[in-house]
Amino acid sequence: MRIKTRLVAGLLTGALAVGHPVSAPATTAPDLAYQDSRRPIQVRVSDLMSRMTLDEKLGQMIQAERLGIGDPVDIATYGVGSLLSGGSSQPTPNTPQAWADMYDGFQRQALASRLGIPLIYGVDAVHGHNGVYGATVFPHNIGLGATRNPRLAERIGVVTAKEVAGTGIDWNFAPCLCVVRNDRWGRTYESFGEVPQLASSLSTIVTGMQGRRLSDPASVLATAKHYVGDGGTLNGKDQGETNISEAELRAIHLEPFRTAVRKGVGSVMISYSSFNGVKLHANSYLINEVLKGELGFKGIVVSDYNGIDKIDGQPGFTPAEVTASINAGMDMIMVPFAWKAFIDTMRTEVQAGLIAVSRIDDANRRILTKKFELGLFEKPFTDRRLTATIGSKPHRELARQAVRESQVLLKNHGRVLPLDKSRNRIFVAGKNADDIGNQAGGWTVGWQGASGPTTIGTTILQGIRQTVRASTTVAYSKDGTGIDKSYDVAVAVIGETPYAEGKGDRPLGMGLDQADLETLARLEASGVPVVVVLVSGRPLEIAEHLPKWAGLIEAWLPGTEGQGVADVLFGDYNPTGKLPVTWMRSVAQQPINVGDGQTPLFPFGFGLRYRP
Ligand code: GLC
């Protein structure tokens, strides 16, 4: 018997105008307690769970990749609780409207299930809604760490949530509260910095994303990730081993999660890494006893992508891995493609008494509580009023301000900076000067990001050109060819090309690439003063080159609003950025962190200004 799902025709003119059924508060008393929005949430959860079969409860614990859903009817048939778009899983066309239509389509399938339980959909909007073409892309976290501005981080959370909600999505796998301790790590740029105080203070982004109430139209569920110690692995190896004392784990890596839990973060994602030989995905002590017990976390604990498969180091998951992880406290399983087999394995393990039904019930209570808090039973579809805000001018202005505040002035010899807007001949060079993809970095319209015009925004070169007066000449040559003494200054915008996760690990050298070295050689040979703008996700090994540069600004990965870099170059913003990580003198110093007794090139917290 299918229980009627009460979807009263939307009363919102706007929604009706676009023909999307938007539910509104029921106009008649709902048939069942869980459908009655006037009842307390825990009453609704208990009523709903009392009606669910074991299979329906197991289905709620599944988060499948949207591309892993063959027949959409399976969503209702198996009662799939959640879907995600992985870093490169965008609809075609990749437009806000297509995202919202996709989300609404999947949601309709979920509501057709026997009990009409809406699904919750997750994405990685880690620096704005970065998977959507045309969305506002903010500086990556390491740049926000340089701002030291919790209020700015909160405002970024608000805007990010608005753009995410504008595509229907209700769950954001952000912020990463990792504390990077070795800059070789490919996820250094996802960290706010090398000390826990930065991640803790900037976790205000959680408050911005979740709003005053999760049920507000522009609120989304935030995720503190990756629990715990992912930034402390040996040699900065992604998904590696964190071999430190529990006291150090608590002091350095646990604190930001304690802060985020206090702020009411709705979900926590478990790290792929290990702590002293035990995979976090099977670490009952750290999940059950510390996170859920000591920290009192009542939200959803979600695995990382195929994270359970990696417990034994072999491909695929085994019954033992499934049982170990769920008994360790995992509530939602991000199992992108093999989700039907995962349900079968869970069922077998429960029926064998190896996973207690009470554990399944605890996971469901956590998941359903968030779905009720998000208001998904009352408003399961995209609020299309938010769709139009995606990539809007006000949002981009906020991103530009974040770029300004994230710039760190590291050298200004002879006050070569700020540049003069009017009487100048400026020569711009470098592979990152006119490349929106490079300045945005990884997790931008694709998991790994990409070079080139990957989305809409302002490159650093365009920002420079938009800033100068007509009397100033701005020449551009990607590799520096054509530079001569007629120019007053050369601006070399160099650094890294996009990467994400382990693909960004640097186990060997951390110096500049060949293209940059050749560009710099051309500029330096001309005798024209060289100002370097380094677009990178971490400190690079530059000590030997620094004496040849008149000026140096670390731009980090600024995102779509390159105008913010030009604002600092020309003094429209007096730089305030401070290093969120210690800058090595030599790669041999890695790991190098504040207080470790080593002598860096630039210390943690360093940053110059043009004027006091
Ligand atoms: C990735 C990342 C995690 C992300 C998840 C979903 O592998 O480790 O940060 O949220 O998968 O894309």
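The structure contained in this document is the topic of the report that follows.

Another point: the site of the ligand. Taken together, Asp124, Phe173, Arg187, Lys225, His226, Met269, Tyr272, Asp304, Tyr305, Met334, Trp443 and Glu501 form the complete shell of residues around the ligand. Between the ligand and Asp124 there is a distance of 2.5 Å, counted from an oxygen atom to a side-chain nitrogen or oxygen. Contact distances for the ligand include 2.8 Å between an oxygen atom and a side-chain N or O atom of Lys225. Here the ligand, which alone exposes 320 Å², has 95% of that area covered by the protein. Counted by class, the shell around the ligand contains six nonpolar, one polar and five charged residues.

Read across the sheet, five strands follow the order S4-S3-S2-S1-S11 without closing on themselves; strand pairing throughout is parallel. The sheet is open, and its two borders are formed by strand S4 (171-172) and strand S11 (333-334), each paired with just one other strand. Bridge count between strand S1 (residues 62-65) and S11: two bridges; the pairing is parallel. Bridge assignment links Ile62 to a residue of S11, and that residue is Ile333.

Next up on the list: the pairing of strand S16 (residues 530-535). A large share of S16 lies buried, amounting to six of its six residues. Residues Val530, Val532 and Leu534 point to one face of S16 and Val531, Val533 and Val535 to the other, with burial holding for every one of them. When strand S15 (residues 489-495) meets S16, the two strands line up parallel, connected through six bridges. Looking at S16, one finds that Val493 is bridged to Val533. Judged from the four bridges that link them, S16 and strand S17 (residues 551-554) form a sheet pairing that is parallel.

Let us now look at the sheet that holds strand S8 (residues 274-275). An order of S6-S8-S9 is seen for the three strands of this open sheet, with the pairing classed as mixed. Strands at the two margins of the open sheet, each flanked by one partner only, are strand S6 (241-242) and strand S9 (278-279). By the bridge criterion, two bridges tie S6 to S8 in an arrangement that is parallel. Note that in S8 the partner of Thr242 across the bridge is Phe275.

The interhelical angle for the contact between helix H10 (residues 246-262) and helix H11 (residues 284-294), taken along N-to-C directions, is 50°, at an axis separation of 11 Å. Between H10 and H11, the interaxial angle falls into the category oblique. In the packing of H10 onto H11, the handedness of the crossing is right-handed. Residues Glu246, Leu249, Arg250, Leu254, Arg258 and Val261 of H10 touch H11, and the partners they reach there are Tyr285, Leu286, Val290, Leu291 and Glu294. The residue makeup of the contact of H10 with H11, split by class, is seven nonpolar, no polar and four charged.

In this section: the nonpolar core. The biggest cluster of nonpolar side chains holds 167 residues, and the ones touching the most others in it are Tyr227, Phe342 and Leu569. With seven residues, the single largest contributor to this core is helix H7 (residues 150-165). Looking at this core, you find at least three residues from each of domain 1 (33-387) and domain 2 (407-589).

This part takes up unusual backbone geometry. Here the residue pair Thr92 and Pro93 is connected by a cis peptide bond, since its omega of 0° sits within 30 degrees of zero. Examined against the element boundaries, Pro93 turns out to sit in the loop between strand S2 (82-84) and helix H5 (96-111). Note the cis peptide between Lys225 and His226, where omega equals -10°. Turning to its location among the elements, His226 is positioned in strand S5 (residues 223-227).

A full pass over the atoms with the stated rule returns 13 aromatic pairs. Pairwise contacts between aromatic rings join Trp556, Trp583, Phe602 and Phe606 into one cluster. Sitting over the ring of Trp443, Lys225 keeps its end group 5.7 Å from the ring centre.

This part takes up helix H17 (residues 460-467). Taken together, the buried positions of H17 are occupied by Ile460, Leu461, Gly463, Ile464 and Thr467. Projection of H17 onto a plane perpendicular to its axis shows the buried side chains occupying an angular sector of 160°, all on one side. Contacts from the buried residues of H17 go to strand S13 (425-429), helix H16 (436-440), strand S14 (473-477), S15, S16 and helix H19 (563-569).

What follows deals with the pattern of salt bridges. Counted by the stated rule, this structure contains 36 salt bridges. Among the ionic pairs, Arg347 bridges to Asp55, the shortest N-O distance being 2.8 Å. Here Arg347, found in helix H13 (residues 339-351), pairs with Asp55, found in helix H3 (residues 54-60); they are 292 residues apart in sequence, far enough to count as distant. In this structure, Arg258 engages Glu294 in a salt bridge whose closest nitrogen and oxygen atoms are separated by 3.3 Å. Residue Arg258 is located in helix H10, and its partner Glu294 is located in helix H11; the two are separated by 36 residues in the primary sequence. On the accessibility criterion, Arg258 (19% relative accessible area) is buried. Owing to a relative accessible area of 41%, Glu294 belongs among the partly exposed residues under this scheme. Linked by salt bridges that have partners in common, Glu246, Arg250, Glu255, Arg258 and Glu294 make up one network.

Criteria and cut-off values
- Residues numbered from 1 in each chain as written.
- Predicted model: local features only at pLDDT ≥ 70, side-chain atom pairs only at ≥ 80, totals over all residues.
- Heavy atoms only, no water.
- Near = heavy atom within 4 Å.
- Polar contact = N/O pair within 3.5 Å; in protein donor to acceptor, adjacent residues only side chain to side chain.
- Areas by Shrake-Rupley, 256 points an atom, 1.4 Å probe, with all protein chains shown as cover.
- Nonpolar A, V, L, I, M, F, W, Y, C, P; charged D, E, K, R; others polar.
- Pairing = 2+ DSSP bridges.
- Helix = DSSP H or I, 4+ residues; strand = E, 2+ residues; numbered from the N terminus.
- Buried < 20%, exposed > 50% of the residue type's maximum accessible area, 1.4 Å probe, protein only.
- Axes fitted to C-alpha atoms, helices over the stretch in contact; angles between N-to-C directions.
- Parallel < 35°, antiparallel > 145°, perpendicular 65-115°, else oblique.
- Left-handed = near helix turned anticlockwise from the far one by under 90°.
- Contact = heavy atoms within 4.5 Å.
- Core = buried A, V, L, I, M, F, W, Y, C linked by side-chain atoms within 4.5 Å.
- Domains from an automatic or database assignment.
- Phe/Tyr/Trp six-rings, centres within 6.5 Å; stacked < 30°, edge-to-face > 60°.
- Lys NZ or Arg CZ within 6 Å of the ring centre and 35° of its normal.
- Arc of directions from axis to C-beta.
- Salt bridge = Lys/Arg side-chain N within 4 Å of Asp/Glu carboxyl O.

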